[in-house]
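Structural features, examined
Take a look at the letters that make up each chain.
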Amino acid sequence: MDKQIKNVNSSASYNNRELSWLSFNKRVLEEADDVSNPLLERLRFLSIFSSNLDEFFMVRVAGLKDQVKAGFNRPDDKSNLTPKQQLSSIASLNHDLVEQQYHLFKQVQEELETQQIRLFQMSELSAESLYILEQYFDEQIYPILTPMAIDAYRAFPMLLNKSLNLAIQLEDEYEQEQHQKKTAIVQVPALLDRFIQIDDAHHYVLLEDVIRFFIHKLFKGYRVISTSTFRITRNADMNIHEDSAHDLLKEIEKELKKRKFGEAVRLEMNAMEQDPSITSFLLHELEIHEKDLYIVDGPLDLTCLNDFYDQVKHDFEYLIYETFIPQPAQDIHEDETVLEAVRKRDLFLHHPYESFEPIVDLMREAADDPEVLAIKQTLYRVSGDSPIIASLKRAAENGKQVTVLVELKARFDEANNVEWAKQLEIAGCHVIYGMISLKTHSKITLIVRKHENRIERVVHLGTGNYNDQTAKFYTDMSFLTTKRKYGIDATNFFNYLSGYTEKPDFHHLSMAPFDIRNDLIQLIDQEITFHKEYNNGRIIAKMNSLTDKPLIKKLYEASQAGVQVDLIVRGICCLRPGIPGVSENIRVLSIVGRFLEHSRIYLFHHNGDINIFLSSADLMTRNMIKRVELMFPIFDPRIKNRINDILDIMLRDSKKARQQANDGTYSHVPPDDEALNSQLKLFEQAMDVFA
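**Describing the overall build of the protein**
- Tallying secondary structure elements over the protein gives 19 helices and 27 strands in all.
- Relative to the 2.2 N^0.38 estimate, which gives 26 Å for 691 residues, the radius of gyration of the protein is 27 Å and therefore close to what a compact globule would have.
- Counting only C-alpha atoms, the protein reaches 90 × 65 × 55 Å along its principal axes.
- Burial statistics for the protein: of 691 residues in total, 57% are counted as buried.
- Put simply, of all contacts in the protein between residues at least 6 apart along the chain, 73% involve residues at least 24 apart.
- Carbon and sulfur atoms make up 48% of the accessible area of the protein, which totals about 30,600 Å².
- Positive and negative side-chain charges in the protein, numbering 81 and 105 respectively, have mean positions lying 6 Å apart.

Here you go:
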C-alpha cells in the first residue's frame with residue numbers, strides 16, 4: 001500500500017496540464033494528415049490548430065510568463081514543473097509542432113494544385129497579372145496603408161494583438177553615405193481579403209505579398225532594402241478586480257481595450273523574408289525571448305485558411321465533408337410543440353445528430369405563450385445573431401418576467417456578452433452579470449407557466465451553450481423535464497444566483513463550487529464498495545479535460561481496487577493510465593474528428609443499477625472551485641439506455657480515437673474486424689430513425 005501511495009503522489013503519475021494541451025493540439029494537427037478527411041477539411045484542421053495555438057499563447061503561456069516575471073517559482077502540484085521549466089518544455093515541443101504544421105501545409109498545397117487550386121508567389125505571375133494587381137494595389141490597398149517611421153521622434157508603434165505587419169528597412173536614395181538605414185512598419189489591413197483571386201480560375205496571391213511587391217510606392221526617395229512579414233501575439237488574459245469594481249460592465253469594457261495591447265508573448269516571422277537585423281530589432285523592441293520566436297516556412301497566421309475554405313468550398317463540394325443535416329428530435333412527435341411534448345414525457349436530444357432547433361423553438365414558444373409568466377436562463381456563449389436572445393427580448397416586451405444571467409467573463413466572448421447584456425436590459429429583461437470571483441458556466445433554463453390554475457415549471461438542462469451555431473458542430477446533450485423536483489431545484493438555483501440566500505439543498509441538482517467534486521468522489525467510493533462485493537465495478541466518464549488532482553487520485557484509488565475505468569477525454573488529461581499499481585485498470589481515449597466532442601457524461605455501474613449524470617462541468621480544478629456548474633441525474637430508463645449506447649459506440653471507435661499510453665503519449669486505437677468512426681455511426685443512427 002505504501003508503494004501505491006508513493007506512486008499516486010509521484011510526478012511520474014501525472015501529465016503536465018500545458019504539455020497535455022499541446023498533445024491535444026497535435027491530435028488536431030494529425031487530422032490534417034489524415035487522407036480519409038476531404039482535402040479542404042484537412043486545410044481547415046491546419047487553421048484550427050493555429051487558432052487553438054493563438055489562444056494558448058494569449059492565456060496559458062502569458063500566465064506562465066507573468067508567474068516568472070513575478071518571481072513565482074513553485075512547481076505545479078502534479079508534474080512538479082516550475083513555470084520556467086514549463087515554458088522551456090512548451091517551446092521545445094511547440095517548435096516541432098509548428099514545423100510539422102508547415103510541412104503538412106506544403107503537402108496539402110501540392111494536393112490542392114492537382115485540383116487546380118493554387119497559391120502563387122508574385123515572382124511566378126505574368127506581366128498581365130502583375131499589371132492588374134498593381135491597379136488593385138493603387139486603388140484598393142494603397143489608400144488604406146499607413147507607413148509608420150521609427151526614429152528618435154517616432155517610437156515603435158503599439159501594434160494590435162495578432163495583427164499582420166511588415167517591417168521595412170530603407171536607405172535614402174540621395175544620401176551619399178548609404179550605411180544609414182531606416183526602419184518603418186506597415187500594418188496589413190485586417191478587413192481586406194487575405195487571398196486575392198488573380199483570374200477566373202482558382203488562382204490566388206496573398207495580400208501581404210502584393211503589399212510587399214509594391215511597398216516602394218509608400219517610400220518615395222528611399223530604396224527598400226528588405227521587407228519582413230511578422231506577427232505578434234500578446235497577453236490577452238483579463239485582470240478584473242471584482243471586489244473593488246462598482247460596475248462590472250464598465251470594468252470588463254475597460255479590460256477589453258487593454259487586451260489588444262498586452263505584453264508580447266510570441267513573435268512569428270516568415271523564413272524566406274527574414275532579415276536578421278530586423279529580427280534582432282523586433283526581439284529587442286518587443287522584449288521577446290529567442291525561444292518565443294517562430295520562423296516559419298510559409299504564410300504567417302494560418303487561421304486565414306478557414307476564410308479560404310469558405311471562399312472556395314461552394315465550387316469544390318467534393319473536397320469537403322458530405323452535408324450533414326441534423327435530424328428532428330426522436331422524443332418530439334411531428335404534431336407536437338416542444339412545450340406540449342415535455343408536458344407528456346422527459347425529452348432528450350443529442351446534438352448535432354439531433355437538431356438544436358427544438359431548444360430555439362422552446363424559447364420562441366415560451367416568449368409568445370400567454371400562459372408563460374416567467375423565463376429564467378443562464379447564458380455563457382451565444383451566436384452573433386442569436387434567436388435565443390431575440391426570444392428573451394420579445395418575452396420581456398410581451399410582459400413576461402425575464403431574468404438572464406449573462407456571464408461577462410466568458411473568455412474571448414466578453415465583448416459579445418457585454419453587448420447582449422445591454423440589449424437585454426433595454427428590452428426590459430432583468431440582467432445579472434454573474435457572481436463575484438466565479439464564472440457561471442451552468443446551462444439551465446426555467447420556464448414558469450400557469451395552466452388550469454396551477455403553476456408548472458419546464459426545465460432545460462444541457463452540457464453545452466445556448467448557441468445555435470456551435471450546436472451544429474459541437475456534440476452536446478439536452479434534457480427537458482416538467483418533473484416537480486427538477487422545477488423546485490431550478491427555482492432555488494436562480495434565486496441563489498439573483499438574491500441573497502444560502503446555497504440551496506437540492507433534490508436532484510449538484511452544484512459547483514460546492515458539491516460536484518464531493519458528489520463525484522462519493523459516487524466513486526460507492527462504486528469501489530460495489531466492486532468489492534460484486535466484482536463488477538465500472539466507471540465511464542466523458543469530458544473535455546481532466547485536471548483536478550483530488551478526482552484523479554480518487555480514480556487511481558478505484559483502479560487499485562479493481563474498478564474498470566474508461567475515460568473519454570478530448571483535450572487535456574493530467575491522469576496517466578496503465579501505470580502498474582496505480583492506474584492499470586484505467587483506459588483513456590481521445591476522439592478528435594469532424595465534430596468537437598463537448599458533452600460531459602458520468603456513468604457509474606453500481607451493480608447494474610446504473611447511475612448516469614450529465615453536466616456543464618469538466619473534471620478540472622477551475623470547474624470544481626471557480627465556476628458555478630451544474631450536474632444532474634438521468635432517471636428515465638429509456639434515456640439512460642440511449643446515453644449508455646452512445647458511450648458504448650464511442651468506446652469502440654477505432655478511426656478517430658487515440659489511446660493514451662502510460663507515458664502520456666497517444667496513438668491510434670488498433671482497428672478491430674471493422675473500423676468504427678463513432679461520429680459517423682451516430683450520424684447514421686440518427687438518419688435511420690427517420691428513414
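**Description of the packing of aromatic side chains**
- The final tally for this structure, using the stated rule, is 24 aromatic pairs.
- Summarising the aromatic geometry, the rings of Phe-137 and Tyr-142 are spaced 6.1 Å apart at their centres and angled 65° between planes, so their arrangement reads as edge-to-face.
- Judged by relative accessible area, Phe-137 falls into the buried class, the value being 0%.
- For the pair Phe-479 and Phe-632, a centre-to-centre distance of 6.0 Å together with 20° between the ring planes defines the contact as stacked. You can see Phe-479 sitting in strand β17 (residues 474-481) and its partner Phe-632 sitting in strand β25 (residues 627-634), a full 153 residues away along the chain.

**Digging into unusual backbone geometry**
- The omega torsion across His-351 and Pro-352 is 0°, close enough to zero to call that bond cis.
- Along the chain, Pro-352 turns up in the loop between β10 (347-351) and α11 (357-368).
- Of note, the amide linkage connecting Ala-512 to Pro-513 takes the cis form, showing an omega dihedral of 15°.
- Mapping Pro-513 onto the fold places it in the loop between β18 (510-512) and α15 (516-534).
- Residues other than glycine seldom take positive phi values, yet Gln-116 does so here, at roughly 65°.
- Relative to the helices and strands, Gln-116 is located in the loop between α4 (83-113) and β1 (117-119).
- Of the residues examined, Gln-116 reaches a relative accessible area of 54% and is grouped as exposed.

**Remarks on the pairing of strand β15 (residues 444-451)**
- With seven of its eight residues buried, β15 lies for the most part within the structure.
- Pairing geometry for strand β11 (residues 372-379) and β15, over five bridges, is antiparallel. Paired with Ala-374 across the bridge in β15 is Val-448.
- Where β15 lies against strand β16 (residues 454-462), eight bridges are found, and the strand directions are antiparallel. By the bridge assignment for β16, His-451 is matched with Arg-454.
- Following β15, the chain reverses through two residues before pairing antiparallel with β16; Glu-452 in that reversal takes a positive phi of roughly 50°.

**Notes on the pairing of strand β19 (residues 538-543)**
- For β19, the buried fraction is high: five of the six residues fall into the buried class.
- In this sheet, strand β20 (residues 564-569) lies alongside β19 in parallel orientation, the contact comprising six bridges. Bridge assignment links Lys-542 to a residue of β20, and that residue is Ile-568.
- Regarding topology, helix α16 (residues 549-560) serves as the crossover connection from β19 to the parallel β20, and that connection is right-handed.

**Observations concerning helix α3 (residues 39-69)**
- Spanning 31 residues, α3 covers 44 Å between terminal C-alpha atoms, matching the ideal 45 Å at 1.5 Å per step.
- Approximately 40° is the largest bend angle found in α3, and it occurs at Phe-57.
- Phi turns positive one or two residues past the end of α3, at Gly-71, with a value near 80°.

**Considering the sheet that holds strand β5 (residues 195-197)**
- Strands sit in the order β1-β6-β5 across an open sheet of three strands; the sheet is mixed. Two strands close off the open sheet at either side, each with one partner strand: β1 and β5. Each neighbouring strand pair of the sheet contributes to a mean axis angle of 35°, computed without reference to strand direction.

**Observations concerning the nonpolar core**
- Of all hydrophobic cores here, the largest spans 111 residues; its most connected members are Leu-546, Leu-567 and Leu-575.
- Of all the elements, α3 adds the most residues to this core, at 12 residues.
- Every residue in contact with Leu-567, bar those within four places of it in the chain, is listed here: Ala-541, Met-543, Leu-546, Leu-555, Leu-575, Ile-586, Arg-587, Val-588 and Leu-589.
- Grouped together as the second largest cluster of nonpolar side chains are 51 residues, Phe-595, Phe-632, Met-650 and Phe-683 included.

Rules behind the numbers
- Residues numbered from 1 in each chain as written.
- Predicted model: local features only at pLDDT ≥ 70, side-chain atom pairs only at ≥ 80, totals over all residues.
- Heavy atoms only, no water.
- Helix = DSSP H or I, 4+ residues; strand = E, 2+ residues; numbered from the N terminus.
- Rg over C-alpha atoms; globule rule 2.2 N^0.38 Å.
- Buried < 20%, exposed > 50% of the residue type's maximum accessible area, 1.4 Å probe, protein only.
- Contact = heavy atoms within 4.5 Å.
- Areas by Shrake-Rupley, 256 points an atom, 1.4 Å probe, with all protein chains shown as cover.
- Lys, Arg positive; Asp, Glu negative; His and termini not counted.
- Charge placed at Lys NZ, Arg CZ, Asp CG, Glu CD.
- Phe/Tyr/Trp six-rings, centres within 6.5 Å; stacked < 30°, edge-to-face > 60°.
- Pairing = 2+ DSSP bridges.
- Right-handed = clockwise from strand over helix to strand, strands pointing away.
- Expected span 1.5 Å × (residues − 1).
- Bend = angle between axes of the 7 residues up to and from the residue.
- Axes fitted to C-alpha atoms, helices over the stretch in contact; angles between N-to-C directions.
- Core = buried A, V, L, I, M, F, W, Y, C linked by side-chain atoms within 4.5 Å.

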